[in-house]
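Understanding the architecture of this molecule
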Amino acid sequence: GAVVSQHPSRVICKSGTSVKIECRSLDFQATTMFWYRQFPKQSLMLMATSNEGSKATYEQGVEKDKFLINHASLTLSTLTVTSAHPEDSSFYICSARQAGLGEQYFGPGTRLTVT
Amino acid sequence: QKEVEQDPGPLSVPEGAIVSLNCTYSNSAFQYFMWYRQYSRKGPELLMYTYSSGNKEDGRFTAQVDKSSKYISLFIRDSQPSDSATYLCAMSAAGNNRKLIWGLGTSLAVNP
């Protein structure tokens, strides 16, 4: 149980294009989903928290117009990196949590490379 | 002072050894404590989850939480080469949008 999937696992795009990453909870309803990015050999950095049907809450320093988050259902959240630039290249990971529970379950991550 | 402190290592042990990993924290509001394992280029995998103080055992893994000392530990018995990974502690307070506060992670290598 508690499986979270992410798609795509890897994506390469050209500078200036937009990329959408999907995060799905496969066997539970995720009332809250989280998006992180991780640089090599560093810990996870929380980008934003989203609750189903509500606007996402972004962490300080994260541009909400650049990283668009949609949590349209209890099993799906999407992160769209708009007008991507090489400095956006990173490992993006989502996690999901059920209502009333403390633990988060993570997806396998998406490696984004912007050329 | 960071809210969560974790020695990044690296830690290298022989196969079969008992591994002890730990984190300290400063926020007394933390109530949920987790240990994650992360292999290179993969998402973190939840190993242990503890609410409030106490011990929890699952197979070769034991998690301990001492809220009075603000100290949590993860023990791995009979360590295997497949346990080689980065181990991250994470914790949070109560509340609907409670965020996980992460340690830096400890890199563990179990040598055959």
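Criteria and thresholds
- Residues numbered from 1 in each chain as written.
- Chains lettered and ligands numbered in written order.
- Predicted model: local features only at pLDDT ≥ 70, side-chain atom pairs only at ≥ 80, totals over all residues.
- Heavy atoms only, no water.
- Salt bridge = Lys/Arg side-chain N within 4 Å of Asp/Glu carboxyl O.
- Helix = DSSP H or I, 4+ residues; strand = E, 2+ residues; numbered from the N terminus.
- Disulfide = S-S within 2.5 Å.
- Buried < 20%, exposed > 50% of the residue type's maximum accessible area, 1.4 Å probe, protein only.
- Phe/Tyr/Trp six-rings, centres within 6.5 Å; stacked < 30°, edge-to-face > 60°.
- Contact = heavy atoms within 4.5 Å.
- Buried area = accessible area lost by both parts, 1.4 Å probe.
- Polar contact = N/O pair within 3.5 Å; in protein donor to acceptor, adjacent residues only side chain to side chain.
- Nonpolar A, V, L, I, M, F, W, Y, C, P; charged D, E, K, R; others polar.

**A closer look at the pattern of salt bridges**
Oppositely charged side chains can pair when the atoms bearing their charge come close. Residues and elements named next belong to chain B. Counted according to the given criterion, the structure contains seven salt bridges over all chains. With a shortest N-O distance of 4.0 Å, Asp 83 and Arg 37 are connected by a salt bridge. You can see Asp 83 sitting in the loop between strand E8 (71-76) and strand E9 (85-92) and its partner Arg 37 sitting in strand E4 (residues 32-38), a full 46 residues away along the chain. Through salt bridges with shared partners, a single ionic network connects Arg 37, Glu 45, Arg 60 and Asp 83.

**Things to note about the state of the cysteines**
Residue and element names in this part refer to chain A. What the rule picks out here adds up to two disulfides over all chains. Here Cys 23 connects covalently by a disulfide to Cys 94, the sulfurs 2.0 Å from one another. Because the torsion about its S-S bond is 80 degrees, the bridge between Cys 23 and Cys 94 counts as right-handed. Here the residue Cys 23 occupies a position in strand E3 (residues 19-25), and Cys 94 occupies one in strand E9 (residues 90-97), the gap between them amounting to 71 residues. On the basis of relative accessibility, which here comes to 0%, the residue Cys 23 falls in the buried class. Summary of cysteine pairing: Cys 13 is not part of a disulfide, and the nearest cysteine sulfur, belonging to Cys 94, is at 18 Å. Here Cys 13 falls in the buried class, since its relative accessible area comes to 8%.

**A few points about the packing of aromatic side chains**
Scanning the entire structure with this criterion turns up eleven aromatic pairs over all chains. When the centroid spacing of 6.2 Å and the interplanar angle of 5 degrees are considered together, the rings of Tyr 32 of chain B and Tyr 49 of chain B count as stacked. With a gap of 17 residues between them, Tyr 32 of chain B in strand E4 and Tyr 49 of chain B in strand E5 (residues 45-51) connect regions that are remote in the sequence. Tyr 49 of chain B shares its class with Tyr 32 of chain B; the two are buried. An aromatic cluster is built from Tyr 36 and Phe 106 of chain A together with Tyr 36 and Trp 102 of chain B, whose rings are joined through pairwise contacts.

**Re the interface of chain A and chain B**
In this complex, chain A contributes 23 residues to the contact, which on the side of chain B involves 20 residues. Summed over both sides, the interface between chain A and chain B buries roughly 1600 Å², with carbon and sulfur atoms accounting for 50% of that surface. If you sort the residues of chain A by the area they bury against chain B, Ser 43, Gly 102 and Phe 106 of chain A come out on top, with a joint share of 25%. Between Glu 59 of chain A and Lys 99 of chain B there is a salt bridge whose closest N-O contact spans 3.0 Å. Taken together, the links from chain A to chain B amount to five residue pairs in polar contact (both at pLDDT 80 or more). Put simply, the parts of the chain that give the side of chain A that touches chain B at least two residues each are strand E4 (32-38), strand E5 (45-51), E9 and strand E10 (105-106) of chain A. Taken together, the residues that form the side of chain A that touches chain B break down as ten nonpolar, nine polar and four charged.

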